[in-house]
Amino acid sequence: MINQQQRHIPVMGKEVTELLVTDQKGVYVDATYGRGGHSDLILRKIHASGRLFAFDRDPDAISAAIESHGLDRRFEAVHSKFSRLKAELADRLTQVKVSGIVADLGVSSPQLDCAKRGFSFLKDANLDLRMDPSDGVPASQWLQHVNEKSLARVLSQADERFARRIARAVVEQRKRKKIQSTLELANLVEGCVPRKEKNKHPATRTFLALRLYVNDERKELAKFLPQCVDILRRGGRLVVLTFHSVEDRIVKHFMRENARSFSAPDWDPQPTGPTLKIIGPVRRPSQEEIRSNRRARSAVMRVAERIG
Ligand SMILES: C[S@@+](CC[C@H](N)C(=O)[O-])C[C@H]1O[C@@H](n2cnc3c(N)ncnc32)[C@H](O)[C@@H]1O
């Protein structure tokens, strides 16, 4: 059972489970448990002999997983980054082969809604942005010593058009006073960008950039995707949901690259063909889903199947 106050509505839940679960007796991985919306739907669909391993790097998500699904013998919560997918499963399974993996990237509603986690530019709190508060340094600490050029680079990696201007403003501001809180940073950014996008807070990309950086999210994803190919059974599916173009680009390129056929040179004794087949077009939530869950509005879902 999911605690209502800590709820995260699973995005495209029906589509995810329909495309993911191809063998009801299989082993599945939810790489991003959050509050278990997708895990819950997978558990409803799989057989008594199926299994589900749910990863999350956030200790609050793991406590919620144990509370909600801990008694289900098919389920195991794994407090780990998904970049450790193979290693964690190797500790738990004699043969690491799975029938499906879902990754619903980004942050959960409780992470955004709980002010003290410091993820939201709308709620005043310590500027933290770490998914696992015991790992790495809070964003406020990093902003205190990063040089202007590196900060501008990190901001532009999240497609922030005014990266240099914002980086300069941060460096000027911290000479006077440490930027400690979410609202201090949000107001600073708002005050220095010349043009505002419609329906988007001017600090959206700055917060995204810092979150991606302090959690090393792009590297996490780049380490995770090849491991999925290694452990999926033939016919097993990988379903990935992203919420911004930075992550979607990584997933799109990875899937396309692995689905590409190429002619191996004739001296290659073990030529390798494509390892993935892309299943269907890119999927997005319906207008009806967006109306009932605004956080679904930027979701993009990509699905691939293990072949070869
Ligand atoms: C969008 S939420 C998932 C929501 C979930 N599908 C649900 O329906 O409740 C993303 C979750 O992934 C976790 N996460 C993000 N990056 C991670 C990583 N590299 N390793 C493990 N967990 C990660 C976050 O802590 C967050 O709880």
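Residues numbered from 1 in each chain as written. Predicted model: local features only at pLDDT ≥ 70, side-chain atom pairs only at ≥ 80, totals over all residues. Heavy atoms only, no water.

1. Re the nonpolar core
Defined as follows: For the purposes of this section, nonpolar cores are sets of buried Ala, Val, Leu, Ile, Met, Phe, Trp, Tyr and Cys residues that join through side-chain atoms within 4.5 Å. Burial classes follow relative accessibility: with a 1.4 Å probe on protein chains only, a residue under 20% of its type's maximum area counts as buried, one over 50% as exposed, and anything between as partly exposed. Helix and strand assignments come from DSSP, with helices taken as H or I runs of at least 4 residues and strands as E runs of at least 2, each series counted from the N terminus. Should any heavy atoms of two residues lie within 4.5 Å, those residues are counted as being in contact.
L143, L151 and L185 are the most contacted members of the largest nonpolar core, which has 35 residues in total. Of the residues forming this core, the biggest block, 6 residues, is contributed by helix 10 (residues 204-214). Look past the residues within four positions of L185 in its chain and what remains in contact with it is L127, L143, V170, I179, T206, F207 and L210. Counting 28 residues, the second-largest nonpolar core is a separate cluster that includes V98, L221, L225 and L276.

2. Remarks on the sheet that holds strand 3 (residues 75-79)
To keep it simple, the criterion reads: Pairing between two strands is assigned when DSSP locates at least 2 bridges connecting them. Axis lines are fitted through C-alpha atoms, for helices just across the contact stretch, and the angle between N-to-C directions can take any value from 0 to 180 degrees.
Spatial strand order, 3-2-1-4-5-7-6: 7 strands in an open sheet with mixed pairing. Unpaired on one side and paired on the other, strand 3 and strand 6 (276-278) mark the two borders of the sheet. Going from strand to strand, the sheet's axes swing by 20° on average, the running direction of each strand aside. Across 4 bridges, strand 1 (residues 27-30) lies against strand 2 (residues 51-56) in parallel orientation. Considered in strand 2, the bridge of D30 is made with A54. Taken strand by strand, helix 2 (residues 37-45) contacts strand 1, strand 2, strand 3, strand 4 (98-104) and strand 5 (232-242), and its axis lies near 175° from that of strand 2.

3. Observations regarding the pairing of strand 4
The buried fraction of strand 4 is high, at 7 of 7 residues. In this structure, strand 1 lies alongside strand 4, joined through 3 bridges in parallel fashion. By the bridge assignment for strand 4, V29 is matched with I101. With 6 bridges joining them, strand 4 and strand 5 adopt parallel strand pairing. Residue pairing for strand 5: I101 is matched across the bridge by L238.

4. Quick notes on the packing of helix 7 (residues 148-157) against helix 10
Put simply, the test is: Every angle not falling under 35 degrees, over 145, or within 65 to 115 is termed oblique; those three ranges are roughly parallel, roughly antiparallel and roughly perpendicular. Charged means Asp, Glu, Lys or Arg here, nonpolar means Ala, Val, Leu, Ile, Met, Phe, Trp, Tyr, Cys or Pro, and polar covers whatever is left, Gly included.
Helix 10 packs onto helix 7 with a crossing angle of 105° between their chain directions and a minimal axis gap of 8 Å. Here helix 7 is positioned roughly perpendicular relative to helix 10, judged by the angle of their axes. Contacts between helix 7 and helix 10 involve L151, V154 and L155 on the former and, on the latter, T206, A209, L210 and Y213. Across the contact of helix 7 with helix 10, the residue classes break down as 6 nonpolar, 1 polar and no charged.

5. Focus on the site of the ligand
Going by this rule: We define proximity as follows: a residue is near a molecule or strand when any one of its heavy atoms falls within 4 Å of that partner. Think of a polar contact as two N or O atoms within 3.5 Å of one another; within protein, one of them needs to be a possible hydrogen donor and the other a possible acceptor, and neighboring residues in sequence only count if both atoms come from side chains.
Inspection of the region around the ligand gives 24 residues, with H38, D56, F82, D104 and E220 positioned closest. In the environment of the ligand, an oxygen atom lies 3.1 Å from a nitrogen or oxygen atom belonging to the backbone of G37. Between the ligand and Q111, the relevant distance is 2.9 Å, taken from an oxygen atom to a side-chain nitrogen or oxygen of the residue. Residues that form the shell around the ligand fall into these classes: 7 nonpolar, 10 polar and 7 charged.

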